[in-house]
Amino acid sequence: MASITFKHVNKTYPGGVEVVPDLNLEIKDKEFVILVGPSGCGKSTTLRMIAGLEEVTGGELYIGDKVVNDVAPKDRDIAMVFQNYALYPHMTVYKNIAFGLQLRKMPKDEIDKKVHEAARILDLEHLLDRKPKALSGGQRQRVALGRAMVRNPSVFLLDEPLSNLDAKLRTSMRSEISKLHKRLDTTFVYVTHDQTEAMTMGDRICVMKDGIIQQFDTPQALYDTPCNLFVAGFIGSPQMNFCPATISNKGGQIVASFSDFDIPMTAEKAKALEGYVGKEVILGIRPSNFLRAEDAKTTITAKVELSELMGAETNIYLDCKGQKLIVCMPSNVYPKEDTDFVVGIDVDKVHVFDKDTQQAICH
């Protein structure tokens, strides 16, 4: 049983610098959880507290049903993969993977079996005699994973393990780590600032800001129903468009008006917005939730600032009477700069946020 539970955990550094004020988080046994957020949000500190590399200032941290606040890292049954791989440069790949098992005084034949099994899974068998300097970044990362794997830990901790790799290698390593999780069937906690990694790998994602959990949910739920402006802006690429708007009732129809355009609200959204008539809100529209004008009942007209062909789609940068928008269209839609462009809005997928609290009102 390798669930991880934070109960009112606080982390304060000398001098009163509070990085994590009051963390309550439950990671289920065998779950793949991603901690994501901007630099300095407390995600790596949270991971290091699980590992025992950072002391818990207050509260209780459980691994399984055992409080581990004062348990040494070596006794926590965890394995950690670092951003810089932390391999021993003077040792071969074989010895790097075997090192932790040798420290445990495991029999040689058992060590050999475990090392070769890990090397086979990670496609490292032909590299066992090489030293780290003769390996590519992706190969070094796989050696670091192998070293963690052979220990058969209850919990895998991964701290930005792909950030030093190029884009193509990152994509392939993402799928390798996801496959590894399924094969090992153990708890994975993974830290990244890359929301694409988070969306493609995790069972659940914990979005953090200033040491506080903003939302802890499945990737799809974070994308479809972000709880506030921060989560809405952090998850999704290109980022969600945010438009200041005013809610009004026009002939019995609740509408959100921005840049002289009225966006009618669906019946469900209208109900949630009844108390906001006459007030300002923030409309959230994902670039992918714009439609071709001929496919939409609601359209707006804006000036094209830039069209950016991305292969399968075009990112179109618009100026809608001072309101900047990014719109994603199929690649065969490529309007010229400085022309007027009419684009539709999928009103079913418009998000509305409270201007003052920044919390979601409706989706």
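Residues numbered from 1 in each chain as written. Predicted model: local features only at pLDDT ≥ 70, side-chain atom pairs only at ≥ 80, totals over all residues. Heavy atoms only, no water.

### Some remarks on helix α3 (residues 108–121)
- Taking 1.5 Å of rise per residue, the 14 residues of α3 would be expected to cover 20 Å, and the 20 Å separating its terminal C-alpha atoms lies within 8% of that figure.
- At the exit of α3 stands D123, carrying a positive phi of roughly 55°. (Helix = DSSP H or I, 4+ residues; strand = E, 2+ residues; numbered from the N terminus. Expected span 1.5 Å × (residues − 1).)

### Re the packing of aromatic side chains
- All told, the structure shown has six aromatic pairs when counted by the stated rule.
- Taking the centre distance of 4.7 Å and the plane angle of 15° together, the rings of F156 and F188 count as stacked. In this pair, F156 sits in strand β7 (residues 155–159) while F188 sits in strand β8 (residues 187–192), placing the two residues 32 residues apart along the sequence. Per residue, the accessibility class of F156 equals that of F188, and both read buried.
- In this structure an aromatic cluster arises from ring pairing among F32, F156, F188 and Y190. (Phe/Tyr/Trp six-rings, centres within 6.5 Å; stacked < 30°, edge-to-face > 60°. Buried < 20%, exposed > 50% of the residue type's maximum accessible area, 1.4 Å probe, protein only.)

### Some remarks on the pattern of salt bridges
- Counted by the stated rule, this structure contains 12 salt bridges.
- A salt bridge links D75 to K74; the nearest nitrogen and oxygen atoms lie 3.5 Å apart.
- The partly exposed category is assigned to D75, whose relative accessible area is 46%.
- K74 sits in the exposed class, given a relative accessible area of 66%.
- In this structure, the salt-bridge partner of K355 is E280, at a minimum N-O distance of 2.8 Å. Linking K355 in the loop between β20 (351–354) and β21 (360–362) with E280 in strand β14 (residues 280–285), this pair joins segments that are 75 residues apart in sequence.
- Judged by its relative accessible area of 41%, K355 is partly exposed.
- Taken together, the shared-partner salt bridges connect K11, R48 and E54 into one network. (Salt bridge = Lys/Arg side-chain N within 4 Å of Asp/Glu carboxyl O.)

### Quick word on the pairing of strand β18 (residues 323–330)
- Of all the eight residues making up β18, six are buried; the element is thus mostly covered by neighbouring parts of the structure.
- Two strands pair when backbone bridges link them, and strand β17 (residues 313–320) and β18 are joined in this way by eight bridges, in the antiparallel orientation. Bridge pairing links I316 to V327 in β18.
- Between β17 and β18, which follow one another and run antiparallel, lie two residues, and K321 among them has a positive phi close to 55°. (Pairing = 2+ DSSP bridges.)

### Side note on the UniProt feature "domain: ABC transporter" (unreviewed entry) in the chain
- UniProt records the feature "domain: ABC transporter" (unreviewed entry) for residues 4–235 in the present numbering.
- Here residues 4–235 is 36% helix and 26% strand, with 25 Å between the C-alpha atoms at its ends. (UniProt positions renumbered as here; feature names shortened; annotations may be inferred.)

### As for unusual backbone geometry
- Look at the link from S237 to P238: it is a cis peptide, with omega at -5°.
- Here P238 shows up in the loop between α8 (229–234) and β11 (241–250).
- Positive phi is not limited to glycine here, since Y85 has a value of about 70°.
- Among the secondary structure elements, Y85 is positioned in the loop between β6 (78–81) and α2 (93–103).
- Of note, D210 is a non-glycine position whose phi angle comes to about 55°, a positive value.
- Topologically, D210 is positioned in the loop between β9 (204–209) and β10 (212–217).
- Exposure remark for D210: the relative accessible area of 57% places this residue in the exposed category.

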